[in-house]
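Chain by chain, the residues:
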Number of protein chains: 2
Amino acid sequence: MGGSLALALRHRGYAHRLFGAGGSPEDLRLAAAAEYPRGDGTAPIFDLCREDPAELPWAEVDLVVVATPPATLAEIFGQLREWISETCVVTDLASVKGDLVASGTALLGGRYLSAHPLVGGERHGFAAATAELYVDALILLTPGGEEVDPRALSLQQLWEALGCRVRMLSPGEHDDALAATSHLPHLLAYAFMASLDDSDALRDLGGSGLRDFSRIAESDPALWTDILLRNREAVRRRLQTLRHTLDHLDGLLAQGSAADLGDILATARARRQQFRFPPRT
Amino acid sequence: MGGSLALALRHRGYAHRLFGAGGSPEDLRLAAAAEYPRGDGTAPIFDLCREDPAELPWAEVDLVVVATPPATLAEIFGQLREWISETCVVTDLASVKGDLVASGTALLGGRYLSAHPLVGGERHGFAAATAELYVDALILLTPGGEEVDPRALSLQQLWEALGCRVRMLSPGEHDDALAATSHLPHLLAYAFMASLDDSDALRDLGGSGLRDFSRIAESDPALWTDILLRNREAVRRRLQTLRHTLDHLDGLLAQGSAADLGDILATARARRQQFRFPPRT
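Residues numbered from 1 in each chain as written. Chains lettered and ligands numbered in written order. Predicted model: local features only at pLDDT ≥ 70, side-chain atom pairs only at ≥ 80, totals over all residues. Heavy atoms only, no water.

1. Here's the deal with the relation of the copies chain B and chain A
At step 1: The operation relating chain B to chain A is a screw motion whose rotation component is 180°, with 0.0 Å of axial translation and a residual RMSD of 0.0 Å. Read as a symmetry element, the transformation amounts to a two-fold axis. Measuring from the rotation axis to each C-alpha of chain B, the shortest distance belongs to F213(B), at 1.9 Å.
At step 2: Looking at the interface residues of chain B, 100% of them are also at the interface in chain A, so both copies use one shared face. (Least-squares fit on C-alpha atoms with pLDDT ≥ 70 in both. Contact = heavy atoms within 4.5 Å.)

So, in structure tokens, the structure goes:
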């Protein structure tokens, strides 16, 4: 997601100088070699790439985008506190907020403004980066307190300039909503696959329904263990409601209650039809 | 699915005469007007289309494919018994077997051989038909007894000639496997959507993960009420196992057991990676 943001900033002309750090050696090699069209020729996406972020020219940096797993953020915020200027803004792209926003705000104050772009996929690394990833995306900004620096608030305009819609909500609202729309579905897809017997006979029998339903069960287990535990209170509340629904459905199956079962399925379909999803690309 | 089969039979040259019946008036109109390339020009897909199947020239019919919802099959088998010849073969395309195969076999004997092509999608009707639907598809044939007519067994060769793989299994094996790979995922996707609060705030927050996870919750509620109830014993067994898995995961979230949670997620991902799914088209 960081690589796609770098491409989008360059292709739309919103970056003066761009520095990259971290990632795998292969990612850094690809990032350092990447170019974008400028004038009659091309120019490098990044002015400088370093494995060790300590080696970047921090005095020049106006904006830091930390595009790493949630588990790494608190330590990175602590390092950034030593490196960045008083006017430098810091953001992240993490899909769970809560304590992260509290720790970022404690360390960096109003210069930190957390973001969660509702984009992504199974592919990772700079090789998967595309300048179009954020077009028409929804960006959730989750300020950590009352005192957000006006420069940090200009992040909203930057995302909008990249073609995104922006919505502000509190870290708690974010985590409750994402528990419903992302974290519980991941838990269910993993739970479903884990509940299957390990049978050769089943492996051939998955159609397009199962293919799509279970796709997110191929997400990175370490990343999702961390996300689910960080947001476990909201996830467990949503899971509790789902378990009541499953108990109810099981009872209706036992009773053979076609009318009641049909009502719930029709309600579920109507609710799904009200959602606005990103198009398949 | 019936329309796609008719197109596939014509495009590959496996039909001498084709008759269509049933469906909506719009479907019948589209089917009657549909053509396929033959020689230097085109020819109609169907030689005859009738709203009332009683009006078809039944003495000419060698093979009947009943492509209607499971709830309608038993009655149709009873009608067919009056119309078809001693040598005519009957099949269906239903996604749940059990009593249907028993009733078809009781009425039609070894002339009936039930089939379930693992294909499909949300689109219905002749307008969604495509000659390529069955290419590379897996077809499950579920003989109802020991005495299958050799002509019925030639159905296997017909499906293979259309580019399909065929597997034979008993109606009970079919329904247990499909409970796992299709019916329970549908129940879960419906249950998940039904368990959400009806909140405007959530409707914008679905990403590609939720989009794919919940797609099957837009399936026809009446059809799926019928499928789930017809196969409720196997579905409830699978649901019971899933509920144990969810209880276990809830406990691990409560305890904050990262290692155990990570193990289950990794097991789930490995199992998903072993499945062979149809490609997205």
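So much for the structure itself; the text now carries on.
2. Focus on the pattern of salt bridges
At step 1: Applying the stated criterion to the full structure yields 42 salt bridges over all chains.
At step 2: In this structure, R17(B) engages E60(B) in a salt bridge whose closest nitrogen and oxygen atoms are separated by 3.0 Å. Here R17(B) is found in the loop between α1 (2-11) and β1 (19-21), whereas its partner E60(B) is found in the loop between β4 (48-50) and β5 (63-66), with 43 residues between them in sequence.
At step 3: Residue class for R17(B) comes out partly exposed when judged on its relative accessible area of 41%.
At step 4: Take E60(B): its relative accessible area is 40%, and that puts it in the partly exposed class.
At step 5: Within the structure, one salt-bridge network assembled from shared partners comprises D176(A), R237(A), R238(A) and D197(B). (Salt bridge = Lys/Arg side-chain N within 4 Å of Asp/Glu carboxyl O. Helix = DSSP H or I, 4+ residues; strand = E, 2+ residues; numbered from the N terminus. Buried < 20%, exposed > 50% of the residue type's maximum accessible area, 1.4 Å probe, protein only.)

3. Some details on the domain arrangement of chain A
Residue and element names in this part refer to chain A.
At step 1: Assigned domains of chain A: these are domain 1 (2-169) and domain 2 (174-274).
At step 2: Just the C-alpha atoms count here: the centres of domain 1 and domain 2 sit 32 Å apart.
At step 3: With 14 residues of domain 1 in contact, the opposing surface of domain 2 contributes 10 residues.
At step 4: In total, about 1000 Å² of surface goes out of reach between domain 1 and domain 2, with carbon and sulfur atoms giving 65% of it. (Domains from an automatic or database assignment. Buried area = accessible area lost by both parts, 1.4 Å probe.)

4. Some points on unusual backbone geometry
At step 1: Of note, D136(A) is a non-glycine position whose phi angle comes to about 70°, a positive value.
At step 2: Structurally, the position occupied by D136(A) is in the loop between β7 (114-117) and β8 (138-142).

5. Observations regarding the sheet that holds strand β9 (residues 165-168) of chain A
All names here are of chain A.
At step 1: Here 3 strands make up an open sheet; going across it, the order is β7-β8-β9 and the pairing mixed. Across the chains shown, the open sheet's two edge strands, defined by having one partner strand only, are β7 and β9. Each neighbouring strand pair of the sheet contributes to a mean axis angle of 25°, computed without reference to strand direction.
At step 2: Bridging between β8 and β9 involves 4 bridges; their strand directions are parallel. Following the sheet pairing, L140 is matched in β9 by R167.
At step 3: The strands touched by helix α6 (residues 171-195) within the sheet are β7 and β8, with β8 carrying the most contacts at an inclination of about 135°. (Pairing = 2+ DSSP bridges. Axes fitted to C-alpha atoms, helices over the stretch in contact; angles between N-to-C directions.)

6. Describing helix α3 (residues 70-83) of chain B
Residues and elements named next belong to chain B.
At step 1: The terminal C-alpha atoms of α3 lie 20 Å apart, and with 14 residues this matches the ideal 20 Å at 1.5 Å per residue to within 8%.
At step 2: The sharpest bend along α3 reaches about 30° and sits at I76.
At step 3: By the burial criterion, the buried members of α3 are P70, L73, F77 and L80.
At step 4: On its buried face, α3 is in contact with β5, β6 (89-92), α4 (99-108) and α9 (221-230). (Expected span 1.5 Å × (residues − 1). Bend = angle between axes of the 7 residues up to and from the residue.)

7. What to know about the sheet that holds strand β9 (residues 165-168) of chain B
The pairing of strands in a sheet happens through backbone hydrogen bonds and is either parallel or antiparallel.
Residues and elements named next belong to chain B.
At step 1: Pairing is mixed in the open sheet, where 3 strands are placed in the order β7-β8-β9. Looking along the sheet, the strands with just one partner apiece sit at the ends: β7 (114-117) and β9. Going from strand to strand, the sheet's axes swing by 25° on average, the running direction of each strand aside.
At step 2: Inspection of the sheet shows β7 paired to strand β8 (residues 138-142) by 4 bridges, in the antiparallel sense. Its bridge partner being in β8, H116 is matched across the sheet by L140.

8. A few points about the packing of α6(A) against helix α10 (residues 232-255) of chain A
All names here are of chain A.
At step 1: Running from N to C, α6 and α10 cross one another at 65°; their axes reach a closest spacing of 9 Å. In this structure, the crossing between α6 and α10 has a hand that is right-handed. Residue-level contacts link D175, D176, A179, A180, H183, L184, L187 and L188 of α6 to A234, V235, R237, R238, L239 and L242 of α10.
At step 2: When its residues are assigned to classes, the contact of α6 with α10 shows 9 nonpolar, 1 polar and 4 charged. (Left-handed = near helix turned anticlockwise from the far one by under 90°. Nonpolar A, V, L, I, M, F, W, Y, C, P; charged D, E, K, R; others polar.)

9. Here we look at the packing of aromatic side chains
At step 1: All told, the structure shown has 13 aromatic pairs over all chains when counted by the stated rule.
At step 2: Three or more aromatic residues joined by ring pairs form one cluster here, namely F192(A), F213(A), F192(B) and F213(B). (Phe/Tyr/Trp six-rings, centres within 6.5 Å; stacked < 30°, edge-to-face > 60°.)

10. Observations regarding the environment of S219(B)
At step 1: If you trace the backbone, S219(B) turns up in the loop between α8 (208-213) and α9.
At step 2: Separated by 29 residues in sequence, S219(B) and Y190(B) place their C-alpha atoms 9.1 Å apart.
At step 3: Contact partners of S219(B), with chain neighbours within four places excluded, come to R269(A), H186(B), Y190(B) and W224(B).

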